[in-house]
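# Structure assessment
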Amino acid sequence: MSQKRVAHGNRTFTVQFVSTSSPETSPIPCIHLFFDSKRYLFGSVGESCQRCVLSQQLRLARIEDVFFCQGYSLQNYNQEDNNELSLWDCYGGLPGFLLSLADIGEPKGDGKDSIGNSKLVLHGSRELPKLLSCMRHFTYHDVLDIQLDIFDDECPATFSDDNINVYPVVIQNPTLQVSPAKRRKREHAPKDDENSLVNEPNNVVHLGSAVPQSDAYNEGIDTHFSYVVQSHPSPGRFDAKKAKSLGITKGADCGKLARNENVQLPDGTIIKPSDVIGPDVPGLCFYFVYCPSLNWLEATLEHSAWSRAPKPVCIIHAVSQDVLNHPSYLSWLNSFGDNVSHLVSPLEPNHSVLFYKSSLTSLALNLLHPTIFPLGTSFLQTKLCKDGRFFKVVPRTTFTFGKTLKLNEPEAYPSIDSLLDTLKIENPDYVRLAGKARELVCQKTTSMIEPGHDIQLITLGTGSAMPSLYRNVSANLLRIPIFGETNKTYNILLDCGEGTLGRMARQFGDRLTEELAALRWIYISHMHADHHAGVNGILQAWAKVTEPDQVLFITAPQAFYNWLSEYATLDSLPMDRVVFINNTALRNDRPNITEACSREISHLFNSLGLNSLLTVPAIHCAYSFCVAFTLSNGCKIAYSGDTRPCLPFCNIGFNADLLIHEATLEDTMQDIAIKKQHCTHKEALDIAKQMQAKNVVLTHFSQRYPKLPDVHIESDSPNVALAFDGMAIRIHEISQFQHFVEPLKTLFSEKPIES
Ligand SMILES: [Zn+2]
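The rules behind each value
- Residues numbered from 1 in each chain as written.
- Predicted model: local features only at pLDDT ≥ 70, side-chain atom pairs only at ≥ 80, totals over all residues.
- Heavy atoms only, no water.
- Helix = DSSP H or I, 4+ residues; strand = E, 2+ residues; numbered from the N terminus.
- Buried < 20%, exposed > 50% of the residue type's maximum accessible area, 1.4 Å probe, protein only.
- Contact = heavy atoms within 4.5 Å.
- Areas by Shrake-Rupley, 256 points an atom, 1.4 Å probe, with all protein chains shown as cover.
- pLDDT = per-residue confidence, 0-100.
- Salt bridge = Lys/Arg side-chain N within 4 Å of Asp/Glu carboxyl O.
- Arc of directions from axis to C-beta.
- Donors = N, O, S within 2.8 Å, 3.2 Å for Na, K, Ca; no water.
- Tetrahedral: all angles 85-135°; square planar, octahedral: opposite > 155°, others 65-115°.
- Pairing = 2+ DSSP bridges.
- Axes fitted to C-alpha atoms, helices over the stretch in contact; angles between N-to-C directions.
- Right-handed = clockwise from strand over helix to strand, strands pointing away.
- Core = buried A, V, L, I, M, F, W, Y, C linked by side-chain atoms within 4.5 Å.
- Domains from an automatic or database assignment.
- Phe/Tyr/Trp six-rings, centres within 6.5 Å; stacked < 30°, edge-to-face > 60°.
- 1 Å grid on protein atoms, 1.4 Å probe; cavity = no way out; pocket = protein on both sides within 12 Å on 5 of 7 lines; lining within 4 Å.
- Points joined across faces, edges and corners; volume = space filled by probe spheres on them.
- Nonpolar A, V, L, I, M, F, W, Y, C, P; charged D, E, K, R; others polar.

## Remarks on the overall build of the protein chain
If you tally the helices and strands in the protein chain, you get 24 helices and 32 strands. Across the 755 residues that make up the protein chain, the buried fraction comes to 59%. The long-range fraction of contacts in the protein chain, counting pairs at least 24 apart against all pairs at least 6 apart in sequence, stands at 73%. Total accessible area on the protein chain stands at roughly 31,000 Å², and carbon and sulfur atoms take up 50% of it.

## What to know about the confidence of the model for the protein chain
On average, residues of the protein chain score 86 in pLDDT, and 87% of them reach the 70 mark or higher. For the stretch residues 1-9, pLDDT sits under 50, and the model shows 30 contacts to residues farther than four places along the chain or on other chains. Low pLDDT (under 50) marks residues 107-115, which in the prediction has 10 contacts with non-local residues, meaning those over four places away or in another chain.

## Some thoughts on the pattern of salt bridges
Considering all chains together, one arrives at 15 salt bridges under this definition. Arg479 is the partner of Glu515 in a salt bridge, and the nearest nitrogen-oxygen pair spans 2.9 Å. Here Glu515 is found in helix α17 (residues 512-517), whereas its partner Arg479 is found in strand β21 (residues 475-481), with 36 residues between them in sequence. Its relative accessible area of 11% is what places Arg479 among the buried residues. Counted as one network, the salt bridges with shared partners bring together Lys38, Asp65 and Asp161.

## Quick look at helix α19 (residues 558-567)
Along α19, the residues classified as buried are Phe560, Trp563, Leu564, Glu566 and Tyr567. The buried residues of α19 occupy one face: seen down the axis, they fall within an arc of 170°. Considering only its buried residues, α19 is in contact with α2 (87-91), α4 (128-134), α18 (535-545) and β24 (552-556).

## Considerations on the coordination of the zinc ion
The protein atoms that coordinate the zinc ion are His526 (NE2), His528 (ND1), His620 (NE2) and Asp642 (OD), at distances spanning 2.2 to 2.3 Å. Viewed at the metal, the four donor atoms of the zinc ion are separated by angles of 91 to 169°, and the geometry they form is irregular. All donor residues of the zinc ion come from one chain, and their arrangement in sequence is H-x1-H-x91-H-x21-D. Of the two residues, His620 sits in the loop between β26 (610-617) and β27 (625-631) while Asp642 sits in the loop between β28 (636-639) and α21 (647-652), which places them 22 residues apart along the sequence.

## Considerations on the sheet that holds strand β17 (residues 390-392)
The strand order across the open sheet formed by eight strands is β7-β8-β10-β13-β14-β15-β17-β16, and the pairing between neighbours is mixed. Of all strands in the sheet, those bounded by a partner on one side alone are β7 (159-160) and β16 (385-387). Here strand β10 (residues 222-231) runs beside strand β13 (residues 285-291); their pairing, made up of four bridges, is antiparallel. By the bridge assignment for β13, Val229 is matched with Phe286. In the packing of helix α12 (residues 327-334) onto the sheet, the strands contacted are β13, β14 (314-319), β15 (341-344) and β17, and the crossing angle to β14 comes to about 165°.

## With respect to the pairing of β24
In terms of residue burial, β24 counts as a mostly covered element, since five of its five residues are buried. Along β24, one buried face is formed by Leu552, Ile554 and Ala556 and the opposite face, lined by Phe553 and Thr555, is buried too. For the crossover from strand β23 (residues 519-523) across α18 to β24, the handedness is right-handed. Relative to strand β25 (residues 578-582), β24 is paired through five bridges, and the arrangement is parallel. In the sheet register, Ile554 faces β25, and the bridge partner there is Phe580. Handedness of the crossover joining β24 and β25 through α19 is recorded here as right-handed.

## As for the environment of Phe138
As for its position among the elements, Phe138 is in the loop between α4 and β6 (145-150). Looking at Phe138, the relative accessible area reads 4%, which means it is buried. Residues Phe138 and Trp563, spaced 425 residues apart in sequence, show a C-alpha to C-alpha distance of 8.4 Å. Those residues in contact with Phe138 that lie beyond four places of it in its chain are Pro95, Leu99, Met527, Ala529, His532 and Trp563.

## Looking at the nonpolar core
Within the largest apolar cluster, 111 residues are counted, with the highest numbers of intra-cluster contacts made by Leu33, Phe42, Phe97, Leu122, Phe401, Ile522 and Ile554. If you count residues domain by domain, this core takes at least three from each of domain 1 (13-233 + 282-408) and domain 3 (454-747). In this view, Ile554 contacts Trp521, Ile522, Val535, Leu539, Phe560, Leu564, Val578, Val579, Phe580 and Ile581; residues no more than four positions away in its chain are not counted. By size, the runner-up hydrophobic cluster in this structure holds 80 residues, among which are Ile372, Leu457, Leu586 and Leu608.

## Quick word on the pairing of β23
Of all five residues that make up β23, four are buried, and the element is covered over most of its length. Pairing geometry for strand β22 (residues 489-496) and β23, over four bridges, is parallel. Looking across to β23, one finds that Leu493 is bridged to Ile522. Here β23 pairs with β24 via three bridges, running parallel. Note that in β24 the partner of Trp521 across the bridge is Phe553.

## Thoughts on the packing of aromatic side chains
Under the counting rule described, the total for this entry stands at 31 aromatic pairs. Between Phe42 and Phe67, the ring centres sit 4.7 Å apart and the planes meet at 10°, which makes this aromatic pair stacked. Residue Phe42 is located in strand β3 (residues 39-43), and its partner Phe67 is located in strand β4 (residues 63-68); the two are separated by 25 residues in the primary sequence. Consider the rings of Phe373 and Phe740, whose centres lie 5.7 Å apart with planes at 65°: the pair is edge-to-face. Residue Phe373 is found in the loop between α13 (356-366) and β16, and its partner Phe740 is found in helix α24 (residues 738-747); the two are separated by 367 residues along the sequence. Residue Phe373 shares its accessibility class with Phe740, and that shared class is buried.

## Comments concerning empty space enclosed by the protein
To find leftover empty space, one rolls a probe the size of a water molecule over the atoms. Tallying each qualifying case throughout the model produces seven cavities of 30 Å³ or more. Its boundaries defined by the atoms lining it, the largest cavity holds a volume of some 140 Å³. Lining of the largest cavity is provided by Glu24, Ser48, Arg51, Leu354, Phe355, Ser358, Ser359, Ser378, Asn472, Gly499, Arg503 and Arg506. Broken down by secondary-structure element, the contributors of at least two residues to the lining of the largest cavity are α13 and α16 (500-508). Of the residues belonging to the lining of the largest cavity, the class tally is two nonpolar, six polar and four charged. Composition of the lining of the largest cavity by domain shows at least three residues from each of domain 1 (13-233 + 282-408) and domain 3 (454-747). Roughly 90 Å³ of internal volume is contained in the second largest cavity. What lines the second largest cavity is a set of 10 residues, and nearest its centre among them are Ser358, Thr361, Tyr470, Phe724 and Asp725.

And the structure:
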């Protein structure tokens, strides 16, 4: 699909939709603006944004400026008003995004220069300093300098660089003023007294440092941002014919004129550049309009900036459907005439396939077993469609600005049926072996299940450090059947990395609400962001689907609670319904704990039906823990978190029915495992043996092994399963995993990627 238009500028640049509203990503689109020399993002950096960047082969490290569209959103703090988007919707992927950028920017051990930028400019909300400041609890880096460009008033300065001018359109909404009670709450927010404040010129902050708060931030008017973006004019054409007729014959003289210098002919005549070079070709302009609900319509349309702005060739609408249908909005659009392309990224969720490669793996694994490797909704896809004058875009849609304007629809992914046909042709051995394994496993009688062995573990994210195409970061969901109630479970999350909510949405489809409401406990093993950056999104979604008297237990290091509480002064988080228990309070050498804390622990025991619950310090970073707990039916579950082999963990987890253990690296990489404080596969299995665990699930694989880690399972090992994203295995099914090993090896016969 393409549209030809009159010639405009001759600078070519492209806009690509990295994400549009989907179960995994923010409702607000993330747009990648691509010039040869520089890359920019507009809109949101929501959860899973960096994974989308990765899956579209865009380079995270090349992005230098991010223009956010959401400012204040405190009205969302009212639980009854669920329609407004939250701050997290716009910034939820920022912690992971910044940490990955910092990692990329880290100088390599071999002394070569780092490959990424060390500078990033974030443009937008006055909440940004506070948001970055809250993140200091888990971002420790000095390689990435973040510069802030805060839009403090209604007419902020124009951003300008070699490629573009960006005019921020600051839209304030006086109808959504923060109530006095909320303002008080913000005024009494925890102050940044913990770390010394870093004051530097030009708003530069180091990732991980506390940031001074601006006084303005307690004023309570909701603010969003739209943008007018215009490329610079290009020089007009050099008219060679005319130059010749005027007597210019030497190439050097042509060069002078092109460099905007006068040339004197032998007869004394002065030839000026304007005599032979046509007028500048004006730059191309597009608008990014963010209008999340009808509440914002009037303030958006009446903004004076639009009347001063250059005429656009394209308008990107990040708006809700009711805004799009509204007569005032439509008549505003009419004022721009017919020669404008309208690209719409509706804020309502759709189901575009986002992580195709990981979906392909799910599809192949589904042949092994229909319930252990369920397909979920990863393969639902939406196509770009034309609705009246609007093109409703999907991720990967691009729009090229240049002599001609061109909208490119991404190629649709093949259907499930045709993919299965391809698999049968390309890997017949796998299909045959998978069929055999499925038969073997499904035949096995399950009448004698030990107590608790019907508990289901769903490994939502099974990779380490940062998300990859195949594996997302850590999250493990336990679905524990409620005694005496058929088909009812309560749920526990053991770690909850970025994108956990999205993965649950794909896994459960229509059952998401039910499964979220069944969540009773989130356990966070340590403060590395790949283990906890998904909690905020889960908490917001959980609050919407549960009764106001329902509580959620969170066990984590104290710093995690500090992060949540500080974040809750900026955005809606149901902190009054969170019961927090520090991992330290559960240590086997139980320290002195307060009466209040011990009451909360017994509240947790009652809610989960626990007989015991203990943590021991892991051998990883400060305040990292391994955990083991026993349910009232005697079933014992142990989870390592991230750690080197930890003997005290064998004690508290002794004889576990289920051990979930990290196994980051292959056996030959023990030196790296020691340096990074992780386990090799063998070390993890040795711990399992020492613990006398009955069933083990290995997970947290290095992203070097995106598909199948090469784990050597000895004959005297306990039952072992290797985790894949979305694997849903009951404890009694782990003994059957051995039947999957041969087909899996056939399926993934590729070598690990080089790091
Ligand atoms: Zn870690």
